[in-house]
Amino acid sequence: MRELSRKCGALLLCVAISGCTTMRVVADGDDAVKSVAARPVDGLTVGETLLLVGRDGKKFDFKLAAVEADALRGTVDGQERRIAFGQIERIERGHVDAGKTAGLIGAAALLVVLAAARSIGKDIDNMGPKPKSK
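Overview of the structure. (Residues numbered from 1 in each chain as written. Predicted model: local features only at pLDDT ≥ 70, side-chain atom pairs only at ≥ 80, totals over all residues. Heavy atoms only, no water.)

**What about the overall build of the protein?**
In plain terms, the rule: Helix numbers and strand numbers start at the N terminus; a helix is a DSSP run of H or I with at least 4 residues, a strand a run of E with at least 2. Every residue pair with non-hydrogen atoms within 4.5 Å of one another is taken to be in contact. Throughout, the Shrake-Rupley method with a 1.4 Å probe supplies accessible areas, and for residues the shown protein chains are the sole cover considered.
Tallying secondary structure elements over the protein gives three helices and six strands in all. When its helices and strands are written in sequence order, the protein yields α-β-α-β-β-β-β-β-α. Pairs at least 24 apart in sequence give 55% of the contacts found in the protein among residues at least 6 apart. As displayed, the protein offers around 9200 Å² of accessible surface, 58% of which is attributable to carbon and sulfur atoms.

Listed below in structure tokens is the structure:
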């Protein structure tokens, strides 16, 4: 039973840490991408990782260092880059989805409870009646 508890605890910890992320479009299309610099309230945050889609369709992860008037500055694969808004078709950011995360944790907890109930049932069956001694 103790081994099962450890495994279940490790499973719940992994699920809780992982969370569920959903990509959200920040800007899609020429005008929307160019307006990113003018929207500081709902704009981008320095240090966040973005998914940029170029005009050629290539996708790459971009760690944002600064939003300039006409470009984004940051790193791609450890290399410093400055990418002009004219080269970007779409900007997306990862967002933790609380509903999906809660559902995943709830499902994992249910599996833990079912596994524990099964284990306890087997322990009770193994106890059974003791043989009579002569």
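**What about the pairing of strand β5 (residues 79-84)?**
Side-chain positions along a regular strand alternate between the two faces of the sheet. Note the following rule: Strands qualify as paired when DSSP identifies two bridges or more between them.
Here six bridges tie strand β4 (residues 71-76) to β5, and the two strands are oriented antiparallel to one another. Within the sheet, the bridge partner assigned to G74 lies in β5 and is R81. Hairpin connection between β4 and β5: a loop of two residues separates the two successive antiparallel strands, and D77 in this loop has a positive phi of roughly 50°.

**A few points about the packing of aromatic side chains**
Using the following cut-off: For Phe, Tyr and Trp, rings pair up if their centres lie within 6.5 Å, where Trp contributes its six-membered ring, and each pair is then called stacked (planes under 30 degrees apart), edge-to-face (over 60) or tilted (otherwise). Charges are assigned to positions over rings by a cutoff of 6 Å between ring centre and Lys NZ or Arg CZ, combined with an angular limit of 35 degrees from the ring normal.
Across all of its chains, the model carries zero aromatic pairs by this definition. Over the ring of F60 we find R81; its NZ or CZ atom is 5.8 Å from the centre of that ring.

**Focus on the pattern of salt bridges**
Pairing between side chains of opposite charge can happen when their charged atoms approach one another. Definition in use: Salt-bridge detection follows one rule: a side-chain nitrogen of Lys or Arg within 4 Å of a carboxyl oxygen of Asp or Glu. Accessible area is worked out with a 1.4 Å probe on protein chains only. A residue is then buried under 20% of its type maximum, exposed over 50%, and partly exposed in between.
All chains considered together, the criterion is met by six salt bridges. For E89, the salt bridge identified is with R55, shortest N-O distance 2.3 Å. Remark: R55 occurs in the loop between β2 (49-54) and β3 (59-67) and E89 occurs in strand β6 (residues 88-96); sequence separation between them is 34 residues. What makes E89 partly exposed here is its relative accessible area of 27%. For R55, a relative accessible area of 39% puts it in the partly exposed group. Between E68 and R82 there is a salt bridge; the shortest N-O distance is 2.7 Å. Placement of the pair is E68 in the loop between β3 and β4 and R82 in strand β5, with a sequence separation of 14 residues. Taking relative accessible area as the criterion, E68 reaches 22% and is therefore assigned partly exposed.

**Looking at the pairing of β4**
By the bridge criterion, four bridges tie β3 to β4 in an arrangement that is antiparallel. Within the sheet, the bridge partner assigned to L64 lies in β4 and is G74. Linking β3 to β4, which pair antiparallel, is a turn of three residues.

**Describing the nonpolar core**
The condition that has to hold: Nonpolar core, defined: a set of buried Ala, Val, Leu, Ile, Met, Phe, Trp, Tyr and Cys residues in which side-chain atoms within 4.5 Å join the residues together.
Grouped together as the largest cluster of nonpolar side chains are 15 residues, with contacts concentrated most on L44, L52, F62, L72, I88 and I91. Looking at this core, the elements that each hand over two or more residues are β1 (21-28), β2, β3, β4 and β6. For L72, the contacting residues outside a window of four places in its chain are L44, L52, F62, L64, A66, V67, R81, R82, I83, F85, I88 and I91.

**Describing unusual backbone geometry**
A positive phi angle, near 50°, is found at D77, a position not held by glycine. Tracing the backbone shows D77 in the loop between β4 and β5.

**Some remarks on a nonpolar patch on the surface**
Selection criterion: Residues enter a patch when their relative accessible area is above 30% and they make no salt bridge; the linking distance is 9 Å between like charges and 5 Å between nonpolar side chains (Val, Leu, Ile, Met, Phe, Trp, Tyr).
Taken together, L110, L111 and L114 make up a surface patch of nonpolar side chains, about 310 Å² in accessible area. With respect to the secondary-structure elements, L110 resides in helix α3 (residues 98-127).

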